[in-house]
Amino acid sequence: MDPQILSNKQKNIASFSNLPPESMNEIFKNFHDDKRSLYYCSLVNRYWCQLAIPWLWSQPIFNSESKDESISPIETLISCLDINSKIQLSELKIPIPSQRPLFEYTTFLKKLDHAELCAEVVMWLRNGLTREQLRIMRVVLPLSLEVKNILNIIIKELYKHFIKNSNLQMIILKGTGWGLDIPNILTINNLISGISNLRTLCYSIQPMLQIQIYENMLKFLDSLPNLCKDIENLELSMNTIDNNLERIFYNIIISQNNLTKFIFDCEFGPISKIINSLYTQSNSITFIEFRNIDFYCISLEFLLYCSYLKDLRLYDCKNITLQQLLPIRNSSNLNLKTLYLKSPDLESEVISLIIESSGMKLQNLFLIINSYLSNNIFNFCPDLKLIDLDFRIENIITSILSSIKFLPLEYLAIHCCTNPLKSLKENLPLTLKQLEIDVGIFQAEDLDDLLKDCQAPLKTMIIREGLRRILDNYIPILIDFTLKKKTLQTVGFYFLGGSSSFSPSIQELKKYVKVIKPSEISNHNTHTFLWSTIQLNNKV
């Protein structure tokens, strides 16, 4: 490396190292999901290491399928256990790390995912046993009673240490695949102080498995209203619910002081008490997401009182009627900013009434349209900045596009199986900055016709097109539009990845704009903690 470049890099690091810890932490906060970058930051110098390690270990990534980890996160955590826990594990012939840890890593832990923890413990134990021990124990499914007992003891000692020393703010409880329950943490000393900072709880286990395998989880959830009253984010996901779980979740909801985010995914079973309990959180709740909910004969009047609600999302829900919505229509309390109506079974009259009741401040609207929708409905949301339209029928595309032409839209996404580019050309909002086209096959001439007279200040285009031979024909048009209009900065292609990223046409386009995968700039932001994972290895 050029000595001058090396000298400049050292000067930059030195200047950053002069920043106070508060400023450095604000920088590292932006990398809290980027574990690789945090890891490399921890290697820069001692000062950076002391500040980066707490962020790195606040949500340790357990990747049990990785074969190249030099040190398992479990080994590091076990090295932090107290002497009594280490003695107990050593008596079971479990390998105990002898090296003293550089940090008390468990004190940094804020997120605990039980399923990920169990999978990593199983992998660590399997890799740490001798060949003779593996021949006797066989850490494979179905687990023998002896192996399950050993794993349960390891997990119990870790939980005890987490509750005593960690600042747990998020707990995720879902099936482990190994049939390993949480320990009976109600018997652990200082439990209340150990989870007093719990702010996020996620749960996903079916009732039958709950009774058969995860009894301790049920006990914990049942006692939670007496242990923690400051949960802000609650996520519940299961195919079926029974009366006991309905009672437990109802009690959890009504016992909280300031629940702000609620996600509920359930297809079958009694849920009315859970829905109605949201009334008790009307002064704090800002985000509600329902998935697969059957609202038959369930009151929605709790929405009348949710004056702070800003984001409402309905995915694959059904049996919402006009009768259920009429009380809300006459209320002026709702002032939504974002509305997702991604439920194909909703009738057009219901969709219209929900939009009408959402308030005049609505800015982001996501719709599945599978029947005629009145053009006048957009008069109730004149300040829309983002709209995502998923057309399931073709003959209403033009009328809908013409009704949004004069909205102050900055982002427009169109999903359909036909080619709507001619209608889009005639109705493209003049304020549009980002356009996503996820439609049927269209020719290069169609794209050229759309862009040549485009008056909108487009900065970003996203194109879903799986046929490379066709897509290559779009690129000269995009380059020409970039040079003439001078606004386009980013282009996203869904097929991008692998050898496609290095094709001559893509390389040529990169000379003029940034070419990325749409997921890097997508407006479809997910709020689920249960099923979202960070796709990065924890190389520590």
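Residues numbered from 1 in each chain as written. Predicted model: local features only at pLDDT ≥ 70, side-chain atom pairs only at ≥ 80, totals over all residues. Heavy atoms only, no water.

Description of the packing of aromatic side chains
Where we set the bar: Between 30 and 60 degrees the pair is tilted, below 30 it is stacked and above 60 it is edge-to-face, where a pair is any two Phe, Tyr or Trp rings, Trp via its six-membered ring, whose centres lie within 6.5 Å. Summary of the burial criterion: residues with accessible area below 20% of their type's maximum are buried, those above 50% are exposed, and those between are partly exposed, where the area comes from a 1.4 Å probe applied to protein chains only. In this analysis the charged atom, NZ for Lys or CZ for Arg, is taken to sit over a ring once it is within 6 Å of the ring centre and within 35 degrees of the ring normal.
Tallied over the entire structure, the rule returns 13 aromatic pairs. Seen from their ring centres, Phe262 and Phe264 are 5.8 Å apart, and the 35° between their planes marks the pair as tilted. Both residues of the pair, Phe262 and Phe264, belong to the buried class. One aromatic cluster in this structure is built from Trp57, Phe103, Tyr105 and Phe108. Sitting over the ring of Phe287, Lys261 keeps its end group 5.5 Å from the ring centre. The ring of Tyr315 has Arg291 sitting right over it, with the charged end atom 3.9 Å from the ring centre.

Some words on the nonpolar core
Applicable threshold: Nonpolar core, defined: a set of buried Ala, Val, Leu, Ile, Met, Phe, Trp, Tyr and Cys residues in which side-chain atoms within 4.5 Å join the residues together. Where helices and strands are cited, they refer to DSSP runs of H or I of at least four residues and of E of at least two residues respectively, numbered from the N terminus. Residue contacts are defined here by distance: any two heavy atoms, one from each residue, within 4.5 Å place the two residues in contact.
Among the nonpolar cores identified, the biggest contains 162 residues, and Phe249, Phe262 and Phe290 are the most heavily contacted of them. The leading source of residues in this core is helix H9 (residues 145–165), at nine residues. Those residues in contact with Phe249, other than ones at most four positions away along the chain, are Tyr203, Leu221, Leu236, Met238, Ile241 and Ile274.

Structural notes on the pattern of salt bridges
The criterion, for reference: Here, a salt bridge means any Lys or Arg side-chain nitrogen found within 4 Å of an Asp or Glu carboxyl oxygen.
Enumeration according to the criterion identifies 14 salt bridges in this entry. Its salt-bridge partner being Lys342, residue Asp388 comes within 3.7 Å of it at the nearest N-O pair. Of this pair, Asp388 sits in strand S10 (residues 386–391) while Lys342 is found in strand S8 (residues 338–342), placing the two residues 46 residues apart along the sequence. For the residue pair Asp388 and Lys342, the accessibility class agrees, reading buried in each case. We note a salt bridge from Asp449 to Lys452, for which the minimum N-O separation is 3.6 Å.

Describing the packing of helix H6 (residues 83–91) against H9
Quick note on the threshold: Axis angles are defined between N-to-C directions and span 0 to 180 degrees, where every axis is a line fitted to C-alpha atoms and, for a helix, only to the segment in contact. Roughly parallel means an angle under 35 degrees; roughly antiparallel, over 145; roughly perpendicular, 65 to 115; everything else is oblique. In this classification, the charged set is Asp, Glu, Lys and Arg, the nonpolar set is Ala, Val, Leu, Ile, Met, Phe, Trp, Tyr, Cys and Pro, and all remaining amino acids, among them Gly, are polar.
Interhelical geometry of H6 versus H9 gives an angle of 175° and a closest axis separation of 11 Å. On the basis of their axis angle, the class for H6 and H9 is roughly antiparallel. Of the residues in H9, those touching H6 at Ser85, Gln88 and Leu89 are Ile153, Ile154 and Glu157. Class assignment of the residues belonging to the contact of H6 with H9 gives a composition of three nonpolar, two polar and one charged.

Some remarks on the packing of helix H12 (residues 215–227) against helix H13 (residues 243–255)
The criterion, for reference: In this scheme the handedness of a crossing depends on how the near helix is turned from the far one: anticlockwise by less than a right angle means left-handed, clockwise means right-handed.
H13 packs onto H12 with a crossing angle of 35° between their chain directions and a minimal axis gap of 7 Å. In terms of crossing hand, the pair formed by H12 and H13 is left-handed. Counted together, Leu218, Leu221, Asp222, Leu224 and Pro225 of H12 and Asn244, Leu245, Arg247, Ile248, Phe249, Asn251, Ile252 and Ser255 of H13 form the full contact between these two elements. By residue class, the composition of the contact of H12 with H13 is eight nonpolar, three polar and two charged.

Let's talk about the pairing of strand S2 (residues 170–174)
This is how it is decided: Pairing between two strands requires that DSSP report at least two bridges joining them.
Most of S2 sits out of view: five of its five residues are buried. Here S2 shows no split at all, with Met170, Ile172 and Lys174 on one side and Ile171 and Leu173 on the other all buried. With three bridges joining them, strand S1 (residues 111–113) and S2 adopt parallel strand pairing. Across the sheet, the residue bridging to Lys111 is Met170, located in S2. Both S2 and strand S3 (residues 200–204) contribute to a ladder of five bridges, which runs parallel. Paired with Leu173 across the strands is Tyr203, a residue of S3.

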